[in-house]
Amino acid sequence: MDTTKRRFLNAVVAGAAIIPVAGMSTAMANPIVRNNNQPDRKGQTGKRYAMLIDLRKCIGCQACTVGCSIENQTPIGQFRTTVKQYEVTLDDGSTQHQEVKSFMLPRLCNHCDNPPCVKVCPVQATFQRDDGIVMVDNKRCVACAYCVQACPYDARFINEETLTADKCTFCAHRLEDGLLPACVETCTGGARIIGDINDPNSHISQLMAEHQHDIKVLKPEAKTIPHVFYIGMAERFTSHIDGQAAIYAPQGEKA
Ligand code: SF4
Ligand code: SF4
């Protein structure tokens, strides 16, 4: 059985649904290499990519996890994005009214505006492009894992096959070809929206304006200025994420 098939089956066995993945390339492109074998450190100047995730539409099917694994050929058991399921016991103070609820939270690199992972890299292998996308230059990375430790979101890992730091790239190689990231393309509920927030007419900008009072980010107190935004997060669940209290705050609000 070839590696791609094995990887797909492994992701399915790990709990993901079988979803047809149309039009996917298997290019491993982290980071994009342009001329002289040097990675593209500028990206798409003038743009600022961000993702908006509508939690009301996420059904936890893990199609995004599978799509990402196939597109980016991550090692079996290592993921650039996944959907975490939280089970929460709610009660009203009296033990007679306990209610168990579950909710889904898609997780990935937040492509932060103030990324601690970039600052700690001793060889400038981790860098941020003008369009906001945080990348890793595999040729430079010495696998010290400082960035893995520095990320407050557990968004990085040392790739067991390349032995370098790895994480979500917003599928920059697809964006540059006018395609959507694999996770956005495969999301059955249409919960993931990506786009340029510097463009007021982009779909993401319009949705963010429409839902401006319901936009939250992960761990605003870390002051990393994440650029993965969530809408539809019920307040009663916020204190249960990773066992930390109140890790969400409206966009722009000081932590
Ligand atoms: Fe870096 Fe983590 Fe922010 Fe991604 S989420 S840019 S890996 S600090
Ligand atoms: Fe930089 Fe690689 Fe070390 Fe991360 S693991 S800090 S990218 S050299």
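The rules behind these values
- Residues numbered from 1 in each chain as written.
- Chains lettered and ligands numbered in written order.
- Predicted model: local features only at pLDDT ≥ 70, side-chain atom pairs only at ≥ 80, totals over all residues.
- Heavy atoms only, no water.
- Helix = DSSP H or I, 4+ residues; strand = E, 2+ residues; numbered from the N terminus.
- Buried < 20%, exposed > 50% of the residue type's maximum accessible area, 1.4 Å probe, protein only.
- Areas by Shrake-Rupley, 256 points an atom, 1.4 Å probe, with all protein chains shown as cover.
- Salt bridge = Lys/Arg side-chain N within 4 Å of Asp/Glu carboxyl O.
- Phe/Tyr/Trp six-rings, centres within 6.5 Å; stacked < 30°, edge-to-face > 60°.
- Pairing = 2+ DSSP bridges.
- Near = heavy atom within 4 Å.
- Nonpolar A, V, L, I, M, F, W, Y, C, P; charged D, E, K, R; others polar.
- Arc of directions from axis to C-beta.
- Contact = heavy atoms within 4.5 Å.
- Core = buried A, V, L, I, M, F, W, Y, C linked by side-chain atoms within 4.5 Å.

(A) Region of interest: the overall build of the protein chain. Of regular secondary structure, the protein chain possesses seven helices and 11 strands. The buried share of the protein chain, reckoned over its 255 residues, is 50%. Surface exposure of the protein chain reaches about 12,300 Å², of which carbon and sulfur atoms provide 50%.

(B) Representation of the pattern of salt bridges within the structure. Summed over the entire model, instances satisfying the criterion amount to 10 salt bridges. Salt-bridge contacts for K216 lead to D214; the nearest nitrogen and oxygen are separated by 3.3 Å. A relative accessible area of 7% means that K216 is categorised as buried. One continuous salt-bridge network, built from bridges that share partners, spans D40, R129, D131 and E176.

(C) Expanded view of the packing of aromatic side chains. If you walk through the whole model with that rule in mind, you get one aromatic pair. Both rings, one in Y86 and one in F103, keep their centres 5.2 Å apart while their planes meet at 15 degrees; by these two values the pair is stacked. Taken as a pair, Y86 in strand β2 (residues 82-91) and F103 in strand β3 (residues 98-107) lie far apart in primary sequence, 17 residues in all. Residue class for Y86 comes out buried when judged on its relative accessible area of 9%.

(D) Broad picture of the pairing of strand β10 (residues 228-231). Here β10 shows two buried faces, one formed by V228 and Y230 and the other by F229 and I231. Bridging between strand β1 (residues 49-54) and β10 involves four bridges; their strand directions are parallel. Counted as the bridge partner of I53 is Y230 from β10.

(E) Up close: the site of ligand 2. Residues in close proximity to ligand 2 total 13 residues, the closest being C121, T126, C141, C144 and C147. Class assignment of the residues belonging to the shell around ligand 2 gives a composition of 12 nonpolar, one polar and no charged.

(F) Structural context of the pairing of β1. The element β1 is largely enclosed, with a buried count of six among its six residues. Residues Y49, M51 and I53 point to one face of β1 and A50, L52 and D54 to the other, with burial holding for every one of them. The sheet contact formed by β1 and strand β8 (residues 192-196) spans five bridges and is antiparallel. What sits directly across from M51, in β8, is I194.

(G) Expanded view of the environment of G189. In this fold, G189 is placed in the loop between α6 (182-186) and β8. Residues G189 and R56, spaced 133 residues apart in sequence, show a C-alpha to C-alpha distance of 9.1 Å.

(H) Structural view of helix α7 (residues 203-210). Buried within α7 we find I204, S205, L207 and M208. Down the axis of α7, the buried set is contained in an arc of 165 degrees. They therefore lie on one face. Exposed residues lying more than 90 degrees from the buried face of α7 are H203 and E210. Those residues of α7 hidden inside the fold are in contact with β1, β8 and β10.

(I) Representation of the nonpolar core within the structure. Core analysis: the largest hydrophobic core is formed by 34 residues, its most contacted members being M51 and F170. Secondary structure elements with two or more residues in this core: β1, β2, β3, α5 (172-175), α6 and β10. By size, the runner-up hydrophobic cluster in this structure holds 10 residues, among which are A50, I193, I204 and I215.

Shape is all these values report; function is a separate question.
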